[in-house]
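Working through the structure, step by step
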Amino acid sequence: MTVRLHDYWRSSASWRVRIALALKGIAYDRVPVDLVAGDQRGPDHLALNPQGLVPVLEIDGLRLTQSLAILEYLDDTRPLPPLLPEGPVARAQARAVALAIACEIHPVSNLAVLARVEDLAGAEARAAWNRDNITRGLIAVEAMLTTTPGPFCHGGAPGMADCVLIPQLFNAARWGVATDHLPRITAISAACADHPAFAAAHADNFNPSREARVMEDQR
């Protein structure tokens, strides 16, 4: 049965799932959903996800939503390689880092919230809001990671926390948020950059303008 991922190329939540699929070695067909154009609010997508969000993963005859729930499902049904470390303490710590980003940083910086901030206070306020939110959030995540072993978030192999952290760092760079003063996060980012699953899932690979250029070059 074909695995199908409905996503937006730059969506952090979608990117998390792409990394996890790559780590698990799961091939999939990708269905782009243009968030800027509002495709997520169309009837076809709402039939897949009534929340009007991405990603949606069609797998095992199911339609799964919410990125962290998807990662948990993949780990439950395809346990190797694991996305969570061994032991209840380490697993709780890994989940805490993932949730600190996915539930605290990301929702306050998503497209709908930023658009509303801009409507109320203008484009400069939107940018300041986002930079301040990401900066505060990553400083907290850095402190959470100082007690965990490396080179990845929790040990010698990437997992759930890394799947969530790396897309957030891309978003930080996009908004001009410096992270070089966060040594643990910087080291984890470097380790992930050298891992083929993270390279395969990178947003730049799915940028529609890049895809168009590649298609034109192949003609």
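The following paragraphs examine the structure supplied in this document. On a predicted model such as this, the values are computed, not experimentally measured, just so you know.

Turning our eyes to something else, we now look at the layout of surface pockets. In this structure, the largest pocket encloses a volume near 930 Å³. When contributions to the lining of the largest pocket are tallied by element, the ones reaching two or more residues are helix 1 (12–24), helix 3 (67–77), helix 4 (88–108), helix 5 (111–121), helix 6 (123–145) and helix 7 (160–174). In this model, the second largest pocket occupies a volume close to 260 Å³. Forming the boundary of the second largest pocket are 19 residues, of which P82, L83, L84, P85 and P158 lie nearest the centre. Of all the elements in the fold, those that place two or more residues in the lining of the second largest pocket are helix 4 and helix 7. With three residues, the single largest contributor to the lining of the second largest pocket is helix 7.

The next point concerns the packing of helix 5 against helix 6. Two elements in contact, helix 5 and helix 6, have axes whose closest approach is 7 Å; the angle formed by their N-to-C orientations is 135°. By the criterion of interaxial angle, the relationship of helix 5 to helix 6 is oblique. Handedness of the helix 5/helix 6 crossing: right-handed. Along its contact with helix 5, which presents L111, V113, L114, A115, V117, E118 and A121, the element helix 6 presents A123, A125, R126, W129 and N130. Each residue belonging to the contact of helix 5 with helix 6 can be placed in one class, and the counts come to nine nonpolar, one polar and two charged.

Relative to strand 4 (residues 62–65), strand 3 (residues 56–59) runs antiparallel, the two being bridged by four bridges. Paired with L57 across the strands is L64, a residue of strand 4. Counted between consecutive antiparallel strands, the loop separating strand 3 from strand 4 contains two residues, among which D60 sits at a positive phi close to 55°.

Let's shift gears to the sheet that holds strand 2 (residues 29–32). Sheets are built from strands that pair by backbone hydrogen bonding, the pairs being arranged parallel or antiparallel. Read across the sheet, four strands follow the order 2-1-3-4 without closing on themselves; strand pairing throughout is mixed. Two strands lie at the open edges of the sheet, namely strand 2 and strand 4, each paired on one side alone. Across the sheet, the mean angle from the axis of one strand to that of its neighbour is 20°, orientation sign disregarded. As paired strands, strand 1 (residues 4–7) and strand 2 are joined by four bridges and run parallel to one another. By the bridge assignment, L5 is partnered in strand 2 with R30. Strand contacts of helix 1: strand 1 and strand 3, with the helix running at about 155° to strand 1, the strand carrying the most contacts. Seen against the sheet, helix 3 touches strand 3 and strand 4 and runs at an angle of roughly 130° to strand 4.

Formed by 58 residues in total, the largest nonpolar core has its most connected members in L57, L71, L74, L138 and V141. Among the secondary structure elements, those contributing two or more residues to this core are helix 1, strand 3, helix 3, helix 4, helix 6, helix 7, helix 8 (183–193) and helix 9 (196–201). At eight residues, helix 7 tops the list of elements feeding residues into this core.

About the cut-offs
Residues numbered from 1 in each chain as written. Predicted model: local features only at pLDDT ≥ 70, side-chain atom pairs only at ≥ 80, totals over all residues. Heavy atoms only, no water. 1 Å grid on protein atoms, 1.4 Å probe; cavity = no way out; pocket = protein on both sides within 12 Å on 5 of 7 lines; lining within 4 Å. Points joined across faces, edges and corners; volume = space filled by probe spheres on them. Helix = DSSP H or I, 4+ residues; strand = E, 2+ residues; numbered from the N terminus. Axes fitted to C-alpha atoms, helices over the stretch in contact; angles between N-to-C directions. Parallel < 35°, antiparallel > 145°, perpendicular 65-115°, else oblique. Left-handed = near helix turned anticlockwise from the far one by under 90°. Contact = heavy atoms within 4.5 Å. Nonpolar A, V, L, I, M, F, W, Y, C, P; charged D, E, K, R; others polar. Pairing = 2+ DSSP bridges. Core = buried A, V, L, I, M, F, W, Y, C linked by side-chain atoms within 4.5 Å. Buried < 20%, exposed > 50% of the residue type's maximum accessible area, 1.4 Å probe, protein only.

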